[in-house]
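Topology and contacts: notes
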Amino acid sequence: MAISRKELKAAARQQIKGNVATFFGLSVILALISMVSGILVFGPLVLMGPLALGSAMFILEVVRTKDGKFETGFKGFKQFGSAFVASLLMNIFILLWSLLLFVPALIADLRYSMTYFIIADNPGISGMAAIKKSKEMMKGHKWELFVLRLSFFWWLLLVSITFGLAAIYVVPYMHATTANYYEKLKSERAALPAPAAPEGN
């Protein structure tokens, strides 16, 4: 069943009310941590996963409760191993697909797009298992997500025109919309009938 972009975006606009400043502050702190980690050769590579997971946890909290807590953005470090492995593998896979030109790499990015949300909802899951689950979840939905992202073209143009200032609102808006998309996909999968058990001989 097709997912309404209009509904996802309308919900996101309501959910981020009162959370934009927190998201902005969190983004600045996480960006600074990433920049400082650049002093070490592999610093950004090591921290990329936990920081991205923390952001995913925060935006899911916003979507589900409309009240994102600043400290939630740092909870990705509690699942450091799975977040690091997922980040490392996704970057390797996307890099390898990029050797076959832009489109395969874009498809790979869409395929892995739900990975951090999945880790956030499944603390015990491994990075590789989360990637596989994201691939399964995105079957038949990659084009849908691509169009959803494309629908923010004018908003991104506004960010460019305002020299990045509009990103204070646009970035959480986009992230919340994607989180809503994840929630819809998850609910759709939960509603599917369980596969029939194999008949005995």
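Look above for the structure.
Below is a summary of the structure that appears in this document. (Residues numbered from 1 in each chain as written. Predicted model: local features only at pLDDT ≥ 70, side-chain atom pairs only at ≥ 80, totals over all residues. Heavy atoms only, no water.)

What follows concerns the packing of aromatic side chains. This structure, assessed with the given rule, holds 11 aromatic pairs. Considering the side-chain rings of Phe-93 and Tyr-112, the 6.0 Å spacing of their centres and the 50° angle between planes classify their relative orientation as tilted. In this pair, Phe-93 sits in helix H4 (residues 80-98) while Tyr-112 sits in the loop between helix H5 (102-111) and helix H6 (115-121), placing the two residues 19 residues apart along the sequence. By relative accessible area, Tyr-112 is classed as buried at 6%. Arranged with centres 5.4 Å apart and planes meeting at 85°, the rings of Trp-155 and Tyr-173 form a pair that is edge-to-face. Within this pair, whereas Trp-155 is found in helix H9 (residues 153-161), its partner Tyr-173 is found in helix H10 (residues 167-191), the two being separated by 18 residues in sequence. Taken together, the aromatic side chains of Phe-152, Trp-155, Tyr-169 and Tyr-173 make up a single cluster linked through ring pairs. (Phe/Tyr/Trp six-rings, centres within 6.5 Å; stacked < 30°, edge-to-face > 60°. Helix = DSSP H or I, 4+ residues; strand = E, 2+ residues; numbered from the N terminus. Buried < 20%, exposed > 50% of the residue type's maximum accessible area, 1.4 Å probe, protein only.)

A separate point is the nonpolar core. Grouped together as the largest cluster of nonpolar side chains are 45 residues, with contacts concentrated most on Met-114, Phe-117 and Tyr-181. Setting aside chain neighbours within four positions, we find Phe-117 in contact with Ala-56, Ile-59, Leu-60, Thr-178, Ala-179 and Tyr-182. (Core = buried A, V, L, I, M, F, W, Y, C linked by side-chain atoms within 4.5 Å. Contact = heavy atoms within 4.5 Å.)

Taken together, Phe-24, Val-28, Ile-29, Leu-32, Met-35, Phe-70, Leu-165 and Ile-168 make up a surface patch of nonpolar side chains, about 710 Å² in accessible area. Considering the arrangement of structural elements, one finds Leu-165 in the loop between H9 and H10. (Patch = residues over 30% accessible without salt bridge, like charges linked within 9 Å, V, L, I, M, F, W, Y side chains within 5 Å. Areas by Shrake-Rupley, 256 points an atom, 1.4 Å probe, with all protein chains shown as cover. Salt bridge = Lys/Arg side-chain N within 4 Å of Asp/Glu carboxyl O.)

Turning to the side chain of Ser-82, a few remarks are in order. Tracing the chain through its elements places Ser-82 in helix H4. On the accessibility criterion, Ser-82 (12% relative accessible area) is buried. Only 3.2 Å separates the side chain of Ser-82 from the backbone oxygen of Gln-79, close enough to count as a polar contact. The residues touching Ser-82, leaving out its near neighbours within four places in the chain, are Ile-119, Ile-125, Ser-126 and Gly-127. (Polar contact = N/O pair within 3.5 Å; in protein donor to acceptor, adjacent residues only side chain to side chain.)

Scanning the model with the defined rule gives six salt bridges in all. Of the charged contacts, one joins Arg-64 and Glu-183 as a salt bridge, the two residues approaching to 2.9 Å between their closest N and O atoms. Residue Arg-64 is located in helix H3 (residues 43-65), and its partner Glu-183 is located in helix H10; the two are separated by 119 residues in the primary sequence. Of the charged contacts, one joins Glu-183 and Lys-186 as a salt bridge, the two residues approaching to 3.5 Å between their closest N and O atoms. Of this pair, Glu-183 and Lys-186 both sit in helix H10, three residues apart, which is roughly one turn of that helix. Assessed through its relative accessible area of 33%, Lys-186 is described here as partly exposed. Taken together, the shared-partner salt bridges in this structure form one network comprising Arg-64, Asp-121, Glu-183 and Lys-186.

Looking now at helix H2 (residues 20-37). For H2, built from 18 residues, the straight-helix expectation of 26 Å at 1.5 Å per residue is met to within 8% by its first-to-last C-alpha distance of 26 Å. Val-20, Phe-23, Leu-26, Leu-30 and Ser-37 are the residues of H2 that are buried. All buried residues of H2 lie within an arc of 125° about the axis, which places them on one face of the element. Turned more than 90 degrees away from the buried face of H2, the exposed residues are Ala-21, Met-35 and Val-36. (Expected span 1.5 Å × (residues − 1). Arc of directions from axis to C-beta.)

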